[in-house]
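The primary structure of each chain is shown beneath.
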Amino acid sequence: TLRLAVLASGRGSNLQAILDAIDAGTLDADVVGVWSDRSDAQALVRARDAGIPARAVRPRDFADRAAHDAALFDAIDAAAPDLIVCAGYMRLIGAAVLEMRAGQLVNIHPSLLPAFKGLHTHQRVLDAGVAEHGCSVHFVTAELDGGPVIAQARVPVLAGDDASTLAGRVLAREHPLLLETLRRIASGRVCWHEEGVHADGR
Ligand code: GAR
């Protein structure tokens with residue numbers, strides 16, 4: 001049983017997908033805690049509703065990024081997770097905490113990395129006029145959205161799309177992609193390997 005810590009800044013639909021899969025018995029994991037940088041994150045409510053410890057660690061309560069990261073990751077470490085899942089966590093994590101946690105964090109990002117790193121991906125995809133979009137799950141490194149990609153799902157960009165319709169089409173693929181990736185990690189079918197991903201080839 002994989003012990004998961006989840007980081008989320010907002011709505012928490014990816015967290016909910018994890019909780020629902022655990023409930024349904026389709027993901028062999030426990031969520032040992034949920035952390036947010038925002039005290040108003042819906043993700044914290046979803047966690048508490050599921051009886052899971054949930055806490056906001058707000059950047060403004062700390063002197064700098066290093067101090068915030070240290071407090072956040074001390075709290076996470078105390079829960080002894082096997083894996084930390086960034087599920088809509090919208091804050092950069094400093095290199096210092098990441099360097100000693102290679103292969104211990106994954107992130108879901110709403111683009112086909114390495115294309116469209118960063119924020120506002122759906123609008124940027126529309127502005128660029130590309131035909132295809134999607135989402136990626138990758139190991140987190142100090143390079144923003146730059147760590148090794150584990151899995152991706154693709155969706156078409158359709159005539160008449162706006163950022164909201166496109167985001168909805170991508171989100172519908174995010175949840176199963178994240179779950180499938182967590183299943184693969186839980187069963188040892190994918191793991192961090194030096195500067196890449198060691199996978200079973202699926
Ligand atoms: C998701 O679309 C996720 O891919 C994205 O935020 C959304 C969170 O939704 N993440 C990022 O943009 C990371 N930079 P959720 O809170 O409902 O899971």
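Source: prediction; values computed, not measured.

**Topic: the site of the ligand**
Piece 1. All residues adjacent to the ligand are Arg11, Gly12, Ser13, Asn14, Gly88, Met90, Ile108, His109, Pro110, Leu171 and Glu174.
Piece 2. Within the side chain of Asn14, one N or O atom sits 2.9 Å away from an oxygen atom of the ligand.
Piece 3. For the ligand, whose unbound accessible area comes to 450 Å², protein coverage reaches 88%.
Piece 4. The cavity that encloses the ligand is the largest pocket.
Piece 5. For the shell around the ligand, the secondary structure elements donating two or more residues are helix 1 (13–24), strand 5 (105–109) and helix 6 (163–186).

**Some remarks on the environment of Arg58**
Piece 1. Following the sequence through the fold, Arg58 ends up in the loop between strand 3 (54–56) and helix 3 (65–78).
Piece 2. Once the C-alpha coordinates of Arg58 and Leu72 are considered, the two residues, 14 residues apart in sequence, prove to be 9.0 Å apart.
Piece 3. Those residues in contact with Arg58, other than ones at most four positions away along the chain, are Asp37, Ser39 and His68.

**Side note on the UniProt feature "site: Raises pKa of active site His" (unreviewed entry) in the chain**
Piece 1. According to UniProt, the positions carrying the feature "site: Raises pKa of active site His" (unreviewed entry) are Asp145.
Piece 2. Inspection of the secondary structure puts Asp145 in the loop between strand 6 (132–139) and strand 7 (149–156).
Piece 3. Ignoring anything within four residues of it in the chain, the contact list for Asp145 reads Asn107, His109, Leu113, Lys117, Gly118 and His138.
Piece 4. For Asp145, the side chain forms a polar contact with the side chain of His109, separated by 3.4 Å.

What counts as what
Residues numbered from 1 in each chain as written. Predicted model: local features only at pLDDT ≥ 70, side-chain atom pairs only at ≥ 80, totals over all residues. Heavy atoms only, no water. Near = heavy atom within 4 Å. Polar contact = N/O pair within 3.5 Å; in protein donor to acceptor, adjacent residues only side chain to side chain. Areas by Shrake-Rupley, 256 points an atom, 1.4 Å probe, with all protein chains shown as cover. 1 Å grid on protein atoms, 1.4 Å probe; cavity = no way out; pocket = protein on both sides within 12 Å on 5 of 7 lines; lining within 4 Å. Sits in = over half its atoms within 2 Å of the grid points. Helix = DSSP H or I, 4+ residues; strand = E, 2+ residues; numbered from the N terminus. Contact = heavy atoms within 4.5 Å. UniProt positions renumbered as here; feature names shortened; annotations may be inferred.

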